[in-house]
Amino acid sequence: MILISFGFNNLNGWGLALARPTAPFNVLGLSPAPILILIGIVLGQGFLLWTRRRETANRTPLLPLAVLDSPQERAAVFAMLSVVALEAALNFSVPLYIQIVQGRSPLATAVAMLPFNLTVFFAAMLIVRFYGRVTPRQIGRLGFGLCAVALIWLAFVVRNDWSSIPVLFGLVLFGIG
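Residues numbered from 1 in each chain as written. Predicted model: local features only at pLDDT ≥ 70, side-chain atom pairs only at ≥ 80, totals over all residues. Heavy atoms only, no water.

Draft legend 1. Spotlight on the overall build of the protein. Each helix and strand in the protein was counted, giving seven helices and zero strands. When its helices and strands are written in sequence order, the protein yields α-α-α-α-α-α-α. Against the globule reference of 16 Å for 177 residues, the protein gives a C-alpha radius of gyration of 21 Å, more extended than a compact globule. Overall, the C-alpha framework of the protein stretches about 55 × 50 × 25 Å when taken along its three principal axes. When the 177 residues of the protein are sorted by exposure, 23% land in the buried category. (Helix = DSSP H or I, 4+ residues; strand = E, 2+ residues; numbered from the N terminus. Rg over C-alpha atoms; globule rule 2.2 N^0.38 Å. Buried < 20%, exposed > 50% of the residue type's maximum accessible area, 1.4 Å probe, protein only.)

Draft legend 2. Examining unusual backbone geometry more closely. The phi torsion at Leu28 lies on the positive side, around 55°, for a residue other than glycine. The topology assignment puts Leu28 in the loop between helix H2 (11-14) and helix H3 (32-56). Backbone geometry at Asn58 places phi at a positive 55°, although glycine is not the residue there. Inspection of the secondary structure assignment puts Asn58 in the loop between H3 and helix H4 (71-100).

Draft legend 3. The arrangement of a nonpolar patch on the surface in detail. A cluster of nonpolar side chains, contributed by Leu107, Val111, Leu114, Leu118, Phe121, Phe122, Met125 and Leu126, occupies part of the molecular surface with about 760 Å² of accessible area. Position of Phe122 relative to the elements: it lies in helix H5 (residues 106-126). Here Phe122 falls in the partly exposed class, since its relative accessible area comes to 41%. (Patch = residues over 30% accessible without salt bridge, like charges linked within 9 Å, V, L, I, M, F, W, Y side chains within 5 Å. Areas by Shrake-Rupley, 256 points an atom, 1.4 Å probe, with all protein chains shown as cover. Salt bridge = Lys/Arg side-chain N within 4 Å of Asp/Glu carboxyl O.)

Draft legend 4. Structural context of the packing of H4 against H5. Where H4 contacts H5, the axes come no closer than 9 Å and their chain directions differ by 145°. Here H4 runs over H5; the crossing is right-handed. Residues Glu87, Leu90, Asn91, Val94, Pro95, Ile98 and Gln99 of H4 pack against Pro106, Thr109, Ala112, Met113, Phe116 and Asn117 of H5. Of the residues belonging to the contact of H4 with H5, the class tally is eight nonpolar, four polar and one charged. (Axes fitted to C-alpha atoms, helices over the stretch in contact; angles between N-to-C directions. Left-handed = near helix turned anticlockwise from the far one by under 90°. Contact = heavy atoms within 4.5 Å. Nonpolar A, V, L, I, M, F, W, Y, C, P; charged D, E, K, R; others polar.)

Draft legend 5. Structural detail: the nonpolar core. Judged by nonpolar contacts, the single largest core of 14 residues is most densely connected at Leu90, Phe116, Leu154, Leu171 and Phe174. Of all the elements in the fold, those that place two or more residues in this core are H4, H5, helix H6 (136-157) and helix H7 (165-176). Residues Leu11, Trp14, Leu36 and Ile37 belong to the second largest nonpolar core, which totals six residues. (Core = buried A, V, L, I, M, F, W, Y, C linked by side-chain atoms within 4.5 Å.)

Draft legend 6. Representation of the packing of aromatic side chains. Applying the stated rule across the entire model yields five aromatic pairs. Here the aromatic rings of Phe121 and Phe122 are separated by 5.1 Å at their centres, their planes lie at 70°, and the arrangement is edge-to-face. For Phe121, a relative accessible area of 45% gives the class partly exposed. (Phe/Tyr/Trp six-rings, centres within 6.5 Å; stacked < 30°, edge-to-face > 60°.)

Draft legend 7. Inspection of the layout of surface pockets at higher detail. Here the largest pocket defines a volume of roughly 1100 Å³. Lining of the largest pocket is provided by 32 residues; of these, Met80, Val83, Ile139, Gly140 and Gly177 occupy positions nearest its centre. Looking at the lining of the largest pocket, the elements with two or more residues in it are H4, H5, H6 and H7. With 11 residues, the single largest contributor to the lining of the largest pocket is H6. (1 Å grid on protein atoms, 1.4 Å probe; cavity = no way out; pocket = protein on both sides within 12 Å on 5 of 7 lines; lining within 4 Å. Points joined across faces, edges and corners; volume = space filled by probe spheres on them.)

Draft legend 8. View of the side chain of Thr109. Within the secondary structure, Thr109 sits in helix H5. On the basis of relative accessible area, Thr109 is assigned to the buried category, the value being 4%.

None of the figures reported here should be taken as evidence of function without further support.
Below is the structure:
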């Protein structure tokens, strides 16, 4: 996964096919980005093959493929991927904005992100208390709904002050979602 991500992240800088001068190295004049992507795909397929062999030998795999057997389980995995991607996007873009556009220090950026990060931490710990009363599907729907509302809210209230109450409210709401 790392090789695939690293390759895609550097396609523009290193070149789609032929290596650009900014590429750290080249393989017979070819860009390392698609090569890294290809190696990542081959390693991923090798991992799946290794996992299948371990399962057929009744040994414990790192990732049981049964997790992806049913449509419901696949949907849950994709939902988790979506949640993690949304969280990573906010955790990347907001500090970047605070530091580059606003010119704040890394410490001020960390303090500005505390409401969001603490809310994510406590919401993840406390959600288990609702498992007996609320189904995972309801939790997922509510979480996605809160994330959507929070992102729309943030799109309207973000000006240039990350310490304002409306922005803090949006970050906390997104963290809960």
